[in-house]
Each structure stands twice: as C-alpha cells, then as structure tokens.
Amino acid sequence: VISKPDSCRSCNSLLPLSVLFGSHQNDSLRKEFKHFLDRLMPDNISLSSVISFWTKDRTNDNYVWELVQPQLQPVDSVEVNMVNSLRRLLKGLIANESSDVPSTLLLSRQWMNVNNSIKSEAGGPCCSLSPRNSSVRTLEISPGEAMYIVYLASLTKEKRKSIVHEDGTDVK
C-alpha cells in the first residue's frame, strides 16, 4: 500500500506515501484505536472488531474518514497500474470476508447518487466517501475498503502476509 518515498512538507525527512490514503494526523484517535487493539491482544483482532470500532458499533459508518482520506487519482501510468492492481487485490480480499463486511460499507459514490434513499443498518444515512475530500480526482474508496486496509495494518506482519497470500490472488 506504499508508494515511492515522498518528502514531508513540514520536515526534511523522507516518509513512505500510501497510494490509497492520506492521514488526518489525528493523534488522539490513533491512541484510542491503539488502546482498543491492545485490549483485544494481537491474536484476537478481527475484521468485525475493527469495523465495529470504525463505525462506532454501526452508528456512524463514516467514522473511518476521521482517520484517513483518499488520495488523488494518480496520473503517472505506473502509479495508475499500481493503484488498479491494489484495488483488485483489495476487492478480492474483501470478497473472501464478505460476511464480515456489510454491503452498505462497500457502496460507490455513483451507486449512492442513484440510490440515495438507502439507509445504514443502524437506520441513519448510508455510508459515503470521505466528506472532507470532495475533489473530482479523489480515488473512490468506500468506507469498507478503508476499514479493511486499517484492519490489515492492525495485524502482525505474519498474519497480514498469510491473509494476503492465502487465496493465491495475483497482485499484478
């Protein structure tokens, strides 16, 4: 999920840049999530527990956008291919976990514009793309996709690797 290093605008060090998300630098929220994960212990982290946290027990399907925001769509052909490949892999991984990811968390902006009367499981407005990032060039990533990436990032390297390589999905 990491692209070539990019210069930090407020410092002189090189930092990896995610090809899908940027961060909101919300340290208190990060600490809250870290404490949540610590209470679960590494072996007990599940996709459903991560979804529960990032939807506030399905009362706010958009809460994950307090942590991350989608990047702009790349224009370089190599980066476009990298994003497309990563999105295909992500969709395949989520399909393997379909019972844990409510379908309303996977809706695209186009689908929601056509079907704007859909409600979340909690009865409120359905999930949406990041409300903070309304650029036309923003990657269309659903809250469910964002939560799945956060879930993978929450796992140990070994567990994450076993999930990604479990189904033999080709990343190309």
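As a reminder, the structure under discussion sits directly above these lines.
Here is a short report on the structure shown in this document.

Reading the values: the criteria
Residues numbered from 1 in each chain as written. Predicted model: local features only at pLDDT ≥ 70, side-chain atom pairs only at ≥ 80, totals over all residues. Heavy atoms only, no water. Helix = DSSP H or I, 4+ residues; strand = E, 2+ residues; numbered from the N terminus. Buried < 20%, exposed > 50% of the residue type's maximum accessible area, 1.4 Å probe, protein only. Contact = heavy atoms within 4.5 Å. Areas by Shrake-Rupley, 256 points an atom, 1.4 Å probe, with all protein chains shown as cover. Axes fitted to C-alpha atoms, helices over the stretch in contact; angles between N-to-C directions. Parallel < 35°, antiparallel > 145°, perpendicular 65-115°, else oblique. Nonpolar A, V, L, I, M, F, W, Y, C, P; charged D, E, K, R; others polar. Expected span 1.5 Å × (residues − 1).

### Topic: the overall build of the protein
Next, step 1: In terms of helices and strands, the protein carries six helices and four strands.
Next, step 2: Counting helices and strands in the order they occur from the N terminus, the protein gives β-β-β-α-α-β-α-α-α-α.
Next, step 3: When each of the 172 residues of the protein is scored for burial, the buried share is 38%.
Next, step 4: Taking contacts inside the protein between residues at least 6 apart in sequence as the whole, the part at least 24 apart equals 69%.
Next, step 5: Carbon together with sulfur atoms contributes 52% to the accessible area of the protein, which is approximately 10300 Å² in total.

### Some remarks on the packing of helix α3 (residues 77–96) against helix α5 (residues 143–154)
Next, step 1: Direction vectors running N to C along α3 and α5 enclose 85°, while the axes themselves pass 11 Å from each other. Considered as vectors, α3 and α5 are oriented roughly perpendicular to each other. When α3 is examined against α5, the residues Arg87, Leu90, Lys91, Leu93 and Ile94 are found in contact with a partner set consisting of Gly144, Glu145, Tyr148, Ile149 and Leu152.
Next, step 2: The residue makeup of the contact of α3 with α5, split by class, is six nonpolar, one polar and three charged.

### Quick look at α5
Next, step 1: Over its 12 residues, α5 extends 16 Å from the first C-alpha to the last, a length consistent with the 16 Å expected when each residue adds 1.5 Å.
Next, step 2: Counted residue by residue, α5 has 11 buried out of 12 residues, so it is predominantly covered.
Next, step 3: Pro143, Gly144, Glu145, Ala146, Met147, Tyr148, Ile149, Val150, Tyr151, Leu152 and Ser154 are the residues of α5 that are buried.
Next, step 4: The elements touched by buried residues of α5 are β3 (21–23), α1 (27–40), α2 (47–54), β4 (68–70), α3 and α6 (157–166).

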